[in-house]
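# Architecture at a glance
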Amino acid sequence: MKKYTLICLLLAALMLLASCGDGSSHGGGILPTHASGQLSATKEPSVWDGLPEVDYGDEDFTIFTINTANFRSNMLGQEGEDIVNQAQLKAKLAVNEILHVNLMEYPVGNDMKQFTNSIYAGLDSYSIGYGRCTFAIQMFNEGLIIPYDQISTIDLSGGWWNHAVNDSLSVNHKQYVALGSFDLSTYDYTHAMLFNKVMAESYHYDLYSEVTEKTWTFDRFYEIITEVSTGESVENPIYGYLCQSKEVLPNFWIAADQLTVAKDAETDTPFLACKGEKFDTVFRRTFEMLRENGTWYYVVDGNDVPDVNINLFNGNQALFMDSTFYYVNRLRAENEHFGILPYPMWGEGQTEYRSRIEYYMPGVIPSVVTDRERTGVVLEALNRAYSTMVTESYYESVLRLKNSTDEDSYEMVGLIFATQVIDIGDTTLNATIRDGIFAPMWVRNKPTLQSYLASMEGVVERYLQSEKEA
């Protein structure tokens with residue numbers, strides 16, 4: 001099948017998935033809304049339908065952002081050859097043209113202190129700020145930000161907002177933040193399992209077929225990594241799987257369709273979801289697969305995808321490696337010989353793959369903003385423009401065309417992005433649940449989950465109490 005035909009078929013299928021979503025935290029991000037990737041004030045008027053016709057007289061609209069090593073932090077684009085940056089610049093100009101507003105971005109360090117200090121001081125310095133999901137909930141609980149559903153000019157039902165993800169970002173039916181096409185972090189922070197093609201071919205593994213036929217399960221994964229791993233007693237050991245230690249457990253429990261913290265469908269309140277037998281079975285099975293036979297390379301420090309893992313993978317010393325898509329871009333510049341897979345599903349009883357969004361960088365609206373309606377209009381315009389211009393450039397050209405050296409791997413990326421999942425305990429509450437409880441258990445190789453359930457219940461209860469008081 002020619003790649004162009006494949007693009008059309010995949011887009012049609014994925015758009016159908018998006019339109020049939022059930023509103024839960026399972027199931028897919030924002031998809032491109034226009035095939036050409038072009039937009040101006042005089043083209044594709046449908047994307048602007050319902051947007052107020054306003055002229056802000058070239059007033060500044062200031063966007064605070066943070067910089068980290070693990071995602072694309074520049075939101076408005078910059079000059080250069082990168083096609084996503086070019087698309088961002090075009091979208092920025094289109095919004096400027098439509099609203100007569102001067103969009104300005106201020107990337108500052110790796111924390112939100114400058115942003116929050118301006119709010120404490122009562123200064124209307126920033127129109128919106130983008131930072132870690134953990135910062136967002138703290139600011140909401142302190143009354144520093146305005147929930148999105150309290151801004152009359154924001155229409156969260158639009159296709160440029162990520163409905164599946166946003167369902168995870170409300171508490172007690174308060175949409176304290178929301179993600180849309182303007183925010184690329186949900187792509188950058190989505191995890192996939194990469195495989196070394198040289199090694200796979202030498203063992204005659206047909207991994208793409210395993211995924212398509214849904215035989216790509218925990219048991220099959222374990223069978224393969226056990227076969228290729230040599231143990232660490234040899235001079236140049238071969239590992240089955242590479243992954244930063246804190247990422248291992250959430251990658252696999254989410255792949256098995258389990259969550260640490262879920263939400264009640266009626267009350268929209270979080271509850272501890274890892275107390276059941278199924279979660280405990282998945283949890284223990286992950287230890288059995290990766291901690292008992294030398295199949296996982298022990299690494300604690302480093303970025304989300306540590307350099308030592310990349311070097312081992314590129315040196316044909318590991319068959320599988322965990323990676324976010326932000327790092328896939330870097331890896332393609334160094335190594336063309338790898339494929340992309342979703343994480344294996346649990347097995348019997350699971351019908352769909354699940355793909356983990358580790359983190360996200362939501363936009364928060366300061367409580368001191370003097371013109372809330374203007375903030376809403378500009379956010380609507382940015383998300384509409386990016387859904388037409390930038391999402392396609394990132395999703396199709398960067399992830400699925402530039403980064404995929406074969407059509408099968410290309411198709412896998414579509415599957416991964418159609419099955420995205422957020423776990424509150426892995427994101428919003430990651431400091432206390434994922435990093436505070438699960439990561440140390442993994443490092444110490446002590447799967448003592450039951451002894452921590454009471455403390456995790458307390459974390460969720462305190463979280464709920466802070467929400468009630470907000």
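Residues numbered from 1 in each chain as written. Predicted model: local features only at pLDDT ≥ 70, side-chain atom pairs only at ≥ 80, totals over all residues. Heavy atoms only, no water.

## Some thoughts on the overall build of the protein
- Of the regular secondary structure elements, the protein holds 17 helices and 15 strands.
- Across the 470 residues in the protein, those meeting the buried criterion constitute 59%.
- Contacts in the protein between residues far apart in sequence, at least 24 positions, make up 78% of those at least 6 positions apart.
- Counting only carbon and sulfur atoms, one obtains 49% of the accessible surface of the protein, whose full area is about 18,400 Å². (Helix = DSSP H or I, 4+ residues; strand = E, 2+ residues; numbered from the N terminus. Buried < 20%, exposed > 50% of the residue type's maximum accessible area, 1.4 Å probe, protein only. Contact = heavy atoms within 4.5 Å. Areas by Shrake-Rupley, 256 points an atom, 1.4 Å probe, with all protein chains shown as cover.)

## Things to note about the packing of helix α11 (residues 277–291) against helix α16 (residues 434–444)
- Taken N-terminus to C-terminus, the directions of α11 and α16 make an angle of 35 degrees; their axes are 11 Å apart at the nearest point. In this structure, α11 crosses over α16, and the sense of that crossing is right-handed. On the side of α11, the interface is formed by F279, F283, T286, F287, L290 and R291, while α16 contributes F438, M441, W442 and V443. (Axes fitted to C-alpha atoms, helices over the stretch in contact; angles between N-to-C directions. Left-handed = near helix turned anticlockwise from the far one by under 90°.)

## Things to note about unusual backbone geometry
- Despite not being glycine, H173 shows a phi value in the positive range, around 65 degrees.
- Of note, H173 is situated in the loop between β5 (170–171) and β6 (174–175).
- The exposed category is assigned to H173, whose relative accessible area is 54%.
- Despite not being glycine, H204 has its phi angle at roughly 60 degrees, a positive value.
- Looking at the secondary structure, you find H204 in the loop between α7 (197–202) and α8 (207–212).

## Section: the confidence of the model for the protein
- With 85% of its residues at a pLDDT of at least 70, the protein reaches an overall mean of 84.
- For the stretch residues 1–45, pLDDT sits under 50, and the model shows 95 contacts to residues farther than four places along the chain or on other chains. (pLDDT = per-residue confidence, 0-100.)

## What to know about the pattern of salt bridges
- The final tally for this structure, using the stated rule, is 17 salt bridges.
- We note a salt bridge from E352 to K214, for which the minimum N-O separation is 3.6 Å. Residue E352 is located in the loop between β12 (338–341) and β13 (355–356), and its partner K214 is located in the loop between α8 and α9 (218–228); the two are separated by 138 residues in the primary sequence.
- When its relative accessible area of 37% is taken as the criterion, E352 is described as partly exposed. (Salt bridge = Lys/Arg side-chain N within 4 Å of Asp/Glu carboxyl O.)

## What to know about the sheet that holds strand β2 (residues 101–107)
- Pairing within the open sheet is mixed, and its five strands lie in the order β2-β1-β3-β14-β4. The strands lining the two open edges of the sheet, one partner per strand, are β2 and β4 (145–146).
- Bridging between strand β1 (residues 59–65) and β2 involves seven bridges; their strand directions are parallel. Each residue of the ladder has a partner; that of D60, found in β2, is N102. (Pairing = 2+ DSSP bridges.)

## Here's the deal with helix α4 (residues 133–141)
- Most of α4 sits inside the fold, with seven of its nine residues counted as buried.
- Along α4, the residues classified as buried are C133, T134, F135, A136, I137, M139 and F140.
- Immediately downstream of α4, the backbone of G143 shows phi near 75 degrees, a positive value.

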